[in-house]
Every structure is written in structure tokens, then in C-alpha cells.
Amino acid sequence: MSHRPIAVALASIVVLLCMAGAAWAQTGASLSGVVTDQTGAALPDVAVTLKNVASGETRTIPTDGEGHFHASGLPPGRWEIRAAKRGFADETRTAISLAVGQDATVDIKMQRSTTGACASYHEFSTTDCTLTWYGITVYGAYDIGVGWVSHGLPVNGYNYEGESLVNRNGNGSRFLVAPNNLQQTGLGVRGKEEFLPGWFVVFNASTGINPNSGLLANASATQTANNGLPRASYSEAIDGARAGQPFNDEYYGGVSSTLFGTLTFGRQRSLGTDAMLQYDPAGGSYAFSYIGYNGTMAGGGDTEDSRWDDALKYRLAYGPVHFGAMYKFTNGSGGCYLPSPLPPGGWTAANCTPEQPHNNAYGFDLGGKYGKFSADVVYQHYNQAISVLNPLLGPQSLSAPYQSTTNSINTIPITGTNLIDTNNTVYGIVTDNNAVLVTAKYIWDPFKFFAGYEYIWQNNPSNPLGVGASDQGGYIMSGVEDNNLDSEKLVNIWWAGAKYTFRSKTDFTFAWYQQRQSDFRSPPTCSPTAGFRASCAGTLNEVSLYVDYHFTKRFDAFAGNAYSYVSSGLAIAIPHGPGVPYFHNSNSAPTVGARFTF
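Residues numbered from 1 in each chain as written. Predicted model: local features only at pLDDT ≥ 70, side-chain atom pairs only at ≥ 80, totals over all residues. Heavy atoms only, no water.

1. Some words on the pairing of strand 3 (residues 58-62)
Piece 1. Bridge count between strand 2 (residues 47-52) and strand 3: five bridges; the pairing is antiparallel. Across the sheet, the residue bridging to Lys-51 is Thr-58, located in strand 3. (Pairing = 2+ DSSP bridges. Helix = DSSP H or I, 4+ residues; strand = E, 2+ residues; numbered from the N terminus.)

Here it is in C-alpha cells:
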């Protein structure tokens, strides 16, 4: 049998295949590129989907270890590319035209998604991805350090704010463990789940913890822990919205729409607190920010009002403009008061006239962004705002053998056998507050500049509270002052600062804060010779400087110093009697520490 016909046939097939390959090379096109993250690092295992616009046909290919993708044999025409990877926002490139034989290159840069879940332990340890399962995210932080104070007090197990700010009872210098320096240590869980196209159920529950003791953050307990002790025996005592509640930060749920905004109900941060966290150069740091530590600004006059219980909150963003509104419903107990003159039997449940709570509040926020400049204006009004003072006096206090419980309506002292037990109660001033806040921020890489101003006016409450009225966290008030102001009290708060980022991992932050109050006694009796009272005009200043180095997205270390000082009416140690001054009117608080967030 002759092999010549077979050889001829094989040669013919080879020629035909070569002709077909040449024809395909003339008609087919290819598309390739590199996928990176926002820092320029290559992203492997990205699903790159190519779509032929005319036919709808798709092809999906993964990127290799160096972020490359390549597809050949594509028919000419219009194409789209979509890159998808867990933890990153999808990126799409449209209107890609491929000609016959063209070899096109399209590089893609992906941005990490704010809702991107961690895909591996490596991704968790090296990025800021979230711990999210089925739309539910667990988050938190642990922040602790060591510091020194020039004039401070021992820290107790409930104190979650450290000792950076000058304190009216601060005495000797000391080294201490410093909690929550850049951020409140705590845990939280939040969720966002779509139930209709563009509509989501949202919720959040979070709480603050003292990292030293593991106890829930509880400002009121720092007061009651010192009740009845001599002033020189105090540990650190503060006032605040966190009073040992199971969820002392936020606890709310609601509905969110991509078109109509978000409406939530529950315990929520006030609009002033939201603005403070965004426009404070130190981001609300307890160690380096007066407005973060003190809370007067965030609460529109009182620290306790930095968070509102039983509140509706609405947020809407439209292009570069955003709007917010908030309303707090009345809650709690208003206590009761005695008639004047004091009845023969003293104060009893039978003759104590009940008061009703009227502690509703409302606020509005309007802001926007233009290029690298952003600003917000916030107005807040709060009825029956409570400011808890220093711990109660008691048997060990040299100035009083017992704590006098004051009738809030007509200031009749309630003493002796009718005394409310002071072991777990607080004493405070009640006012109706109004506040207007104006803030601004400008980004000029690698700098960020911050500034803000708040004007607060306070008056005696139009609806007074009685003895036994409820305060934050279920505490009651054994002493209430509804008539603390002879005239309107005016408070002004300013701040300014800058943050410089060096090579993306190191932040240098400088901040200055000042608070001033007016005279609110009539007639005023305030002078260096006559002495000062807490009702006299006074000034508080704080300056801080710190550096923060980020080893990873989650772990950073910091070091810095805050120096604060007070004068005149703000340097008086109430309620220990008129004219009782601070032990020391200044405090220097250098701090070093570390923070881990997730």
C-alpha cells in the first residue's frame, strides 16, 4: 500500500490549520491588565468578568499571584470588565472597544469595602476588613497604656476616661495605668440586611468597658464610690452618659433606604457627639482631647447628654449635602418635692408632691462637602439636662456630718431621719439647654486641618425635678438643684488643630481647646481679692500633642502629652462650699500606649 496519499492528506490538514490560525489571528482580540488595591499592591484571586455588550456572553478568569489577568480570542466589539473580590468594592470598566487583532490593556484599582468581610486570618491581621457573617458584624477595640500626672488621683475600677484633664480634687503626682486613650475599649455588634431592593434592616448594640478592671464603663459609680469620703481620700470621679448600662454606648434598630435615608430608634449618640468625632483633630480621644474627655460640647451643655435614650434619629445624604434630625422622648421619674413650710412630720411618701419628667430633646444637623472642604452646623435643645457634681458629703467629711438632701423646688434642706440614703445616689444641677455648633475640616495632603465653635446657653428648668428623680443608668438623685442660676449661663467652646500623616503610617496631631463660662449669679461677687465662686466667669484651656504609629491597619502605638489648666470660676471645687479652690489648677499628663481594633 502506498503511503503517498496519506502524506498528502496530512500535509493538507496542516496547511488548513495554519490558514485557520492565521485567519483567527487576524480577527480575534485580547485583553489583559493588572488589578491592585488603593496602595498599589497586587491583588491575587480577583474574579475578572468580561462581558460582550452585543451578545451578552461572559467569561470569568482569576488574577494570578501578581494580580495579572489575560484573555485572548475575543471577538471585536464593545466589552465591559467587572472585578470582584471579598473585602473590596466591585470595580467596573465600560465602553471598551476591541478591534480586529487588537491587544488591549486595562488596569484596575480596587477600593476596600467598608462592609467587606475578612476572608482569611491573614487578611484580618493585615487589613481593616470586618468580622461579618450573614450581614452581622462584630467589632470592638482594646486601648490601654501607662501615664504620669502632675496633679491627679487614683483610678477606680469604673473610671474609663483616664486622668488627662485637670481635676478639682487632683492632688499629688503619680504613675498610673491609663485606659481608653485614643478610643473607648468595648465591644459591639451591628447589622445591615436587605429585605427589599434598596431597603435594609439596620441595628447596632455597643458597650464601653474599662480595660483595667473589665467592668462596664460607669461614670455614676465613680461618684458613688466616693460618697461620704473626705476630699483627700477620693479616687477619680467623673460625669458621663455611660452609667453601667448593658449597652452604654448605643442600642438601636431601624430601617435604611438608599434613596430615602435612615431612620432608627433607641439609645443613640447625639448629633453633637457625631460631629465631635468627625471634626475633633484627636477624634474624641480621652487622653488628648478636652471635648472628647469632658463631653460638654458633645452633649450641648452637659456630658450626660452626649447620648440620648428613647430617641428617633434620621439621616439623609443627597450628593455632597447631608441632613440629620433627632428627637428624644420623655422617660424616667421626676421625683417629688415638699410643700413650704416643712410639715411637722417631715418628708414622707404621703406628703411629697410628685413631679413629672419633661426631659425631651431635639436637634438638627446640616452639612456638606465641597472638594477637600467639609462643614456641619448642629442645633440641639435639651429639657431637664442633669449635670452631676462632685461626690456627696458624709460622716467622714469635715465640712458636714451628713449629706443634706435639698428640696429642688423650694430649697428646703431634708436632713436627719428623713435623709435619703446617700450610699448609691447622686447630686446634680438641672437646667434647660440650647446649643449651636459650627465645625469645619480641610484636607491638604498630607495635612488635615480642624476647627469648631459651640455657643451654649443654659437656664433654670421650666419644669423642675424633685428629690428622687431618676438619672442615667437607673441612679436616683438625693440632691437636686433646679434654681442654680440667678441669670442665664453662657458657655463658649473653641477648638482648632491639625493632623500630619507621614508616609501613610505615622500621624502627628496637635490640638488646642478652650471653654469659657459667664457670671451667672446676681449680683456677681467675683474678683481676685473677694474670691471666686463656681458661678463666676472662668476659663479652661488644654493643649495636646501626640504621635500615633500604625504597625498594621488594626494595631497602633502612640505617645504624647496633654496639658490643661483652669482659672477663676472654673477653678472652684463645688459642692465643698463657696470659694473652695482646686488643690491645683493645672495638670500635665504624658501618656504612652497601644490600641487594637477589629
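Alright, that's what it looks like, and here's the rest.
2. A few points about the pairing of strand 31 (residues 586-597)
Piece 1. Where strand 10 (residues 136-149) meets strand 31, seven bridges bridge the pair, whose relative direction is antiparallel. Paired with Ile-144 across the bridge in strand 31 is Ala-594.

3. With respect to the sheet that holds strand 5 (residues 77-84)
Piece 1. As summarised here, the arrangement of the four strands in space is 3-2-5-6, forming an open sheet in which the pairing is antiparallel. The open sheet has two edge strands with one neighbour each: strand 3 and strand 6 (91-98). Direction aside, neighbouring strands of the sheet carry axes that sit 20° apart on average.
Piece 2. Two strands pair when backbone bridges link them, and strand 2 and strand 5 are joined in this way by six bridges, in the antiparallel orientation. Bridging from a neighbouring strand, Lys-51 pairs with Glu-80 of strand 5. (Axes fitted to C-alpha atoms, helices over the stretch in contact; angles between N-to-C directions.)

4. Looking at the side chain of Asn-433
Piece 1. Structurally, Asn-433 can be placed in strand 24 (residues 426-444).
Piece 2. At 3.4 Å, the side chain of Asn-433 forms a polar contact with the side chain of Gln-458. (Polar contact = N/O pair within 3.5 Å; in protein donor to acceptor, adjacent residues only side chain to side chain.)

5. So, unusual backbone geometry
Piece 1. With an omega dihedral of 5°, the bond running from Asp-445 to Pro-446 counts as a cis peptide bond.
Piece 2. Mapped onto the fold, Pro-446 is located in the loop between strand 24 and strand 25 (447-459).
Piece 3. Here Asp-45, not a glycine, exhibits a phi torsion of approximately 55°, which is positive.
Piece 4. Within the secondary structure, Asp-45 sits in the loop between strand 1 (29-36) and strand 2.

6. Some thoughts on the state of the cysteines
Piece 1. Tallying each qualifying case throughout the model produces one disulfide.
Piece 2. Paired through a disulfide, Cys-118 and Cys-129 show a sulfur-sulfur distance of 1.9 Å. One quick way to see it: the torsion about the S-S bond of Cys-118 and Cys-129 is about 100°, and its sign makes the bridge right-handed. Residue Cys-118 is located in the loop between strand 8 (108-109) and helix 2 (121-126), and its partner Cys-129 is located in the loop between helix 2 and strand 9 (131-133); the two are separated by 11 residues in the primary sequence.
Piece 3. Owing to a relative accessible area of 15%, Cys-118 belongs among the buried residues under this scheme. (Disulfide = S-S within 2.5 Å. Buried < 20%, exposed > 50% of the residue type's maximum accessible area, 1.4 Å probe, protein only.)

7. Here's the deal with the nonpolar core
Piece 1. Residues Ile-291 and Met-297 are the most contacted members of the largest nonpolar core, which totals 43 residues.
Piece 2. No other element matches helix 4 (residues 271-279), which puts four residues into this core.
Piece 3. When near neighbours in sequence (up to four residues on either side) are disregarded, Ile-291 contacts Met-276, Asp-280, Met-297, Ile-493, Trp-495 and Tyr-513. (Core = buried A, V, L, I, M, F, W, Y, C linked by side-chain atoms within 4.5 Å. Contact = heavy atoms within 4.5 Å.)

8. Overview of the packing of aromatic side chains
Piece 1. Using the criterion set out here, one finds 20 aromatic pairs in the structure.
Piece 2. Seen in terms of ring centroids, Phe-247 and Tyr-251 are 4.8 Å apart; in terms of plane orientation they differ by 5°. Their pairing is stacked.
Piece 3. Centre to centre, the rings of Trp-444 and Phe-447 are 6.2 Å apart; their planes meet at 25°, and the pair counts as stacked.
Piece 4. A residue is classified by how much of its surface remains accessible, and Phe-447, at 30% relative accessible area, is partly exposed.
Piece 5. Taken together, Trp-444, Phe-447, Phe-449, Tyr-500 and Phe-508 form an aromatic cluster joined through their ring pairs.
Piece 6. The ring of Tyr-279 has Lys-441 sitting right over it, with the charged end atom 5.9 Å from the ring centre. (Phe/Tyr/Trp six-rings, centres within 6.5 Å; stacked < 30°, edge-to-face > 60°. Lys NZ or Arg CZ within 6 Å of the ring centre and 35° of its normal.)

9. As for the environment of Gly-428
Piece 1. Residue placement: Gly-428 occurs in strand 24.
Piece 2. Residue classification places Gly-428 among the buried positions, given a relative accessible area of 0%.
Piece 3. Sequence spacing of Gly-428 and Ser-387 is 41 residues, and the spatial spacing of their C-alpha atoms is 5.3 Å.
Piece 4. In contact with Gly-428, other than residues within four places in its own chain, are Ser-387, Val-388, Leu-389, Met-477, Gly-479, Val-480 and Glu-481.

10. Observations regarding the confidence of the model for the chain
Reading predicted coordinates in detail is not appropriate for stretches of low pLDDT.
Piece 1. Put simply, the chain has an average pLDDT of 87, and 86% of its residues get 70 or more.
Piece 2. Note on residues 7-26: pLDDT under 50 across the span, and four contacts to partners over four residues away in sequence or across chains. (pLDDT = per-residue confidence, 0-100.)

11. Quick look at the pattern of salt bridges
Piece 1. According to the stated counting rule, one finds 12 salt bridges in the structure shown.
Piece 2. Put simply, Arg-315 and Asp-274 hold a salt bridge, and the shortest N to O gap is 2.9 Å. Highlighted residues: Arg-315 in strand 16 (residues 307-318) and Asp-274 in helix 4, separated in sequence by 41 residues.
Piece 3. When its relative accessible area of 26% is taken as the criterion, Arg-315 is described as partly exposed.
Piece 4. Shared partners join several salt bridges into a network, and the residues in it are Arg-242, Asp-249, Glu-250, Arg-269 and Arg-307. (Salt bridge = Lys/Arg side-chain N within 4 Å of Asp/Glu carboxyl O.)

12. Let's talk about the side chain of Ser-586
Piece 1. Looking at the secondary structure, you find Ser-586 in strand 31.
Piece 2. For Ser-586, a relative accessible area of 14% translates into the label buried.
Piece 3. Apart from residues no more than four positions distant in its own chain, Ser-586 is found in contact with Ser-150, His-151, Val-166, Tyr-563, Ser-564 and Tyr-565.

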